[in-house]
Amino acid sequence: MFQDEMGLTPGRGVRFYGKVYGKTPVHDGFSLGLTPDDELGAPYAVTQKDGVNYFVPEGDQWFFKGYDLTISYDPKVDGPKYDYVENGEL
């Protein structure tokens, strides 16, 4: 879905980050942000799918620390579903 919606091709990337305002199941006052970004730098976490890098920069470790972000397709909303799964990281 991200590849189609953002026009991503292998070698490109998507950066996930915490942004002010909003709410997630694990943060009140902050929400999940994402943007196309091809510069990995030194990421806190990275996953590659179909040649596209999905990553969290080191500076946004605070938002994701203790959780693994899983993304799936939700047919009810015809879009992504974001789940925060505790991973025991302190």
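See above for the structure.
Predicted model only: the values in this text are computed from it and were never measured.

**Q** Help me understand the nonpolar core in this model?
**A** The nonpolar side chains of a soluble globular protein tend to be buried with one another. Among the nonpolar cores identified, the biggest contains eleven residues, and these are Phe 2, Leu 8, Val 14, Phe 16, Leu 32, Val 52, Tyr 54, Val 56, Phe 63, Phe 64 and Tyr 84. Within the residue set of this core, elements represented by two or more residues are strand 1 (13-23), strand 4 (52-57) and helix 2 (61-64). The biggest single contributor to this core is strand 4, with three residues. If we skip the residues at most four places from it in the chain, Leu 32 touches Phe 16, Tyr 17, Lys 19, Thr 24, Phe 63, Phe 64, Leu 69, Tyr 82 and Tyr 84.

**Q** What should I look at first to understand the sheet that holds strand 1 in this one?
**A** Within a beta sheet, neighbouring strands are joined by backbone hydrogen bonds and run either parallel or antiparallel to one another. Read across the open sheet, the four strands follow the order 2-1-4-3; overall the sheet is mixed. Looking along the sheet, the strands with just one partner apiece sit at the ends: strand 2 (28-36) and strand 3 (43-49). With direction set aside, neighbouring strand axes in the sheet form an average angle of 30 degrees. By the bridge criterion, three bridges tie strand 1 to strand 4 in an arrangement that is parallel. Bridged to Arg 15 within strand 4 is Phe 55.

**Q** What should I look at first to understand the pairing of strand 1 in this one?
**A** In terms of strand pairing, strand 1 meets strand 2 through eight bridges, oriented antiparallel. Bridging across to strand 2, Phe 16 finds its partner in Leu 34. Taking the residues between adjacent antiparallel strands as the criterion, strand 1 and strand 2 are bridged by four residues.

**Q** Help me understand the pattern of salt bridges in this model?
**A** Pairing between side chains of opposite charge can happen when the charged atoms of each approach one another. In the structure shown here, the tally under the stated rule is three salt bridges. One salt bridge connects Arg 15 with Asp 37, and the closest N-O pair in it is separated by 2.9 Å. Highlighted residues: Arg 15 in strand 1 and Asp 37 in the loop between strand 2 and strand 3, separated in sequence by 22 residues. Asp 83 is the partner of Lys 81 in a salt bridge, and the nearest nitrogen-oxygen pair spans 3.6 Å.

**Q** I'm lost on unusual backbone geometry in this one. Help?
**A** Only a minority of non-glycine residues have a phi that is not negative, and only a minority of peptide bonds are not trans. Positioned with a positive phi, Tyr 21 is a non-glycine residue whose angle comes to about 85 degrees. A relative accessible area of 68% means that Tyr 21 is categorised as exposed.

The rules we used
Residues numbered from 1 in each chain as written. Predicted model: local features only at pLDDT ≥ 70, side-chain atom pairs only at ≥ 80, totals over all residues. Heavy atoms only, no water. Core = buried A, V, L, I, M, F, W, Y, C linked by side-chain atoms within 4.5 Å. Buried < 20%, exposed > 50% of the residue type's maximum accessible area, 1.4 Å probe, protein only. Helix = DSSP H or I, 4+ residues; strand = E, 2+ residues; numbered from the N terminus. Contact = heavy atoms within 4.5 Å. Pairing = 2+ DSSP bridges. Axes fitted to C-alpha atoms, helices over the stretch in contact; angles between N-to-C directions. Salt bridge = Lys/Arg side-chain N within 4 Å of Asp/Glu carboxyl O.

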